[in-house]
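Structural overview for review
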Amino acid sequence: MSIEFNPLLTKKNGSKKERIVSRTKEDLLYQLSKQYKFICRSLLKILKGDMDEIDRLSIGLRILFHNTRHSTGILSQLEEEIKIFDTCKEKELPPSISESKEEDVQPYCAFIGNMVCMSIGSKDVWQLTPSDTPTWSSPEDWWNKVLFVENNVSFTREKMTLSIADTDGGAHVDRKLEHDYFLLSRKGSTSMNFFVNSNQFYPFGPEKVIMPHMGLEVVASFRRFFPETCIDFGLPDLSQKF
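Residues numbered from 1 in each chain as written. Predicted model: local features only at pLDDT ≥ 70, side-chain atom pairs only at ≥ 80, totals over all residues. Heavy atoms only, no water.

What follows covers the overall build of the chain. Regarding its fold elements, the chain presents seven helices and ten strands. For the chain, the share of sequence-separated contacts (at least 6 apart) that also reach a separation of at least 24 residues comes to 62%. For the chain, the exposed area adds up to about 14,400 Å²; of that, 50% sits on carbon and sulfur atoms. (Helix = DSSP H or I, 4+ residues; strand = E, 2+ residues; numbered from the N terminus. Contact = heavy atoms within 4.5 Å. Areas by Shrake-Rupley, 256 points an atom, 1.4 Å probe, with all protein chains shown as cover.)

Here you go:
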């Protein structure tokens, strides 16, 4: 039996730069495939009604797309020319008024945004409004696209994802939440209160419909650009309709 000496293991006392090892492309693809699998597993549970998995989904999206001064998302590290399937409308639609036929339900002016609209008169207030003519966007454009605006408050994919991942149960639970996200996720709106038969109710916020849809956009994209590592988990492929 022979024993080989590995000099790489002797860098413990070297400089910080000497003790850093760059990832290979193969390792980055492996990390991407892991996050893809995590996202798929969360989506499968979400589609069965387990909305708590949105927290885990937000972590996967953050790891893949988010860049800061101190960390770089996996897609940026790969430096490959890929596109993400984007079903968000290019332009915001004008406001509309939805009046409920139910008694004692006050009609409101609901702002319709790019990806979701507010449908008054039902406890399922936020509904998806994906574009009929989706596009393939760069990861950066997809991540920074404005999903909707309500009461002059804009939410991009980045803002929605990080609000959950960084502060509200994804990777961390902050002592305090950003005011607009708190109103949206806990009250159902940043500007309105909802009453049925004089009793106030708190509908789900739009993150409950937006986050799973974002996950499906990513799954459709990765299956196209990384077919060898991102296999079919039986989830709907949004891109097949176009």
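So much for the structure itself; the text now carries on.
So, on to the side chain of Q35. Tracing the chain through its elements places Q35 in helix 1 (residues 25–47). Overall, Q35 belongs to the buried group, its relative accessible area being 8%. Apart from the residues lying within four places of it in its own chain, the contact partners of Q35 are G60, I63, L64 and I74. (Buried < 20%, exposed > 50% of the residue type's maximum accessible area, 1.4 Å probe, protein only.)

Once that is clear, we can look at the packing of aromatic side chains. Inspection of the entire model under this criterion finds ten aromatic pairs. Pairing Y36 with F233 gives two aromatic rings, centres 6.1 Å apart and planes at 65°, and the pair type is edge-to-face. With Y36 in helix 1 and F233 in the segment after helix 7 (207–225), the pair connects residues that are 197 residues apart, well separated along the chain. Ring centres of F85 and W136 lie 5.0 Å apart, and the angle between their planes is 55°; on these two criteria the pair is classed as tilted. Highlighted residues: F85 in strand 1 (residues 84–86) and W136 in strand 6 (residues 135–137), separated in sequence by 51 residues. Against the face of F155 rests K159, its NZ or CZ located 4.4 Å from the ring centre. The positively charged end of K208 is found above the aromatic ring belonging to F204, 5.4 Å away from the centroid. (Phe/Tyr/Trp six-rings, centres within 6.5 Å; stacked < 30°, edge-to-face > 60°. Lys NZ or Arg CZ within 6 Å of the ring centre and 35° of its normal.)

Before going further, it helps to spend a moment on the environment of L216. Here L216 shows up in helix 7. Spatially, the C-alpha atom of L216 lies 8.9 Å from that of I39, the residues being 177 residues apart in sequence. In contact with L216, other than residues within four places in its own chain, are L43, L235, P236 and L238.

As a volume, the largest pocket reaches approximately 280 Å³. As for the largest pocket, its lining consists of 17 residues, and the residues nearest its centre are F65, N67, S76, P139 and E140. With four residues, helix 4 (residues 139–144) is the single largest residue contributor to the lining of the largest pocket. By residue class, the composition of the lining of the largest pocket is six nonpolar, five polar and six charged. (1 Å grid on protein atoms, 1.4 Å probe; cavity = no way out; pocket = protein on both sides within 12 Å on 5 of 7 lines; lining within 4 Å. Points joined across faces, edges and corners; volume = space filled by probe spheres on them. Nonpolar A, V, L, I, M, F, W, Y, C, P; charged D, E, K, R; others polar.)

The next subject is the packing of helix 1 against helix 7. The N-to-C vectors of helix 1 and helix 7 enclose an angle of 135°; their axes lie 10 Å apart at closest approach. Taken together, the axes of helix 1 and helix 7 are oblique relative to one another. Helix-helix and strand crossings are classified by hand; for helix 1 and helix 7 the assignment is left-handed. Taking contact as the criterion, the partners of L32, Y36, I39, C40, L43 and I46 in helix 1 are, on helix 7, P212, G215, L216, V219, F222 and R223. Each residue belonging to the contact of helix 1 with helix 7 can be placed in one class, and the counts come to ten nonpolar, one polar and one charged. (Axes fitted to C-alpha atoms, helices over the stretch in contact; angles between N-to-C directions. Parallel < 35°, antiparallel > 145°, perpendicular 65-115°, else oblique. Left-handed = near helix turned anticlockwise from the far one by under 90°.)

A separate point is helix 5 (residues 157–167). The buried count for helix 5 comes to eight of eleven residues, which makes it a mostly enclosed element. Those residues of helix 5 lying buried are R157, M160, T161, L162, S163, I164, A165 and T167. The positive-phi residue at the C-terminal boundary of helix 5 is G169, with phi of around 110°.

Among the five residues of strand 7 (residues 146–150), four are classified as buried, and the element is accordingly described as predominantly covered. By the bridge criterion, four bridges tie strand 7 to strand 8 (residues 153–156) in an arrangement that is antiparallel. Paired with F148 across the two strands is F155, which belongs to strand 8. Remark: two residues form the turn of the hairpin made by strand 7 and strand 8, two consecutive strands paired antiparallel; N151 in that turn has positive phi of roughly 55°. (Pairing = 2+ DSSP bridges.)

L32, L61, L64, F65, F148, M211 and F222 are the most contacted members of the largest nonpolar core, which totals 49 residues. Setting aside residues no more than four positions away along its own chain, L61 makes contact with I39, H66, W143, T161, M211, M214 and V218. (Core = buried A, V, L, I, M, F, W, Y, C linked by side-chain atoms within 4.5 Å.)

Interpretation note: all reported values are geometric properties and have no functional meaning in isolation.
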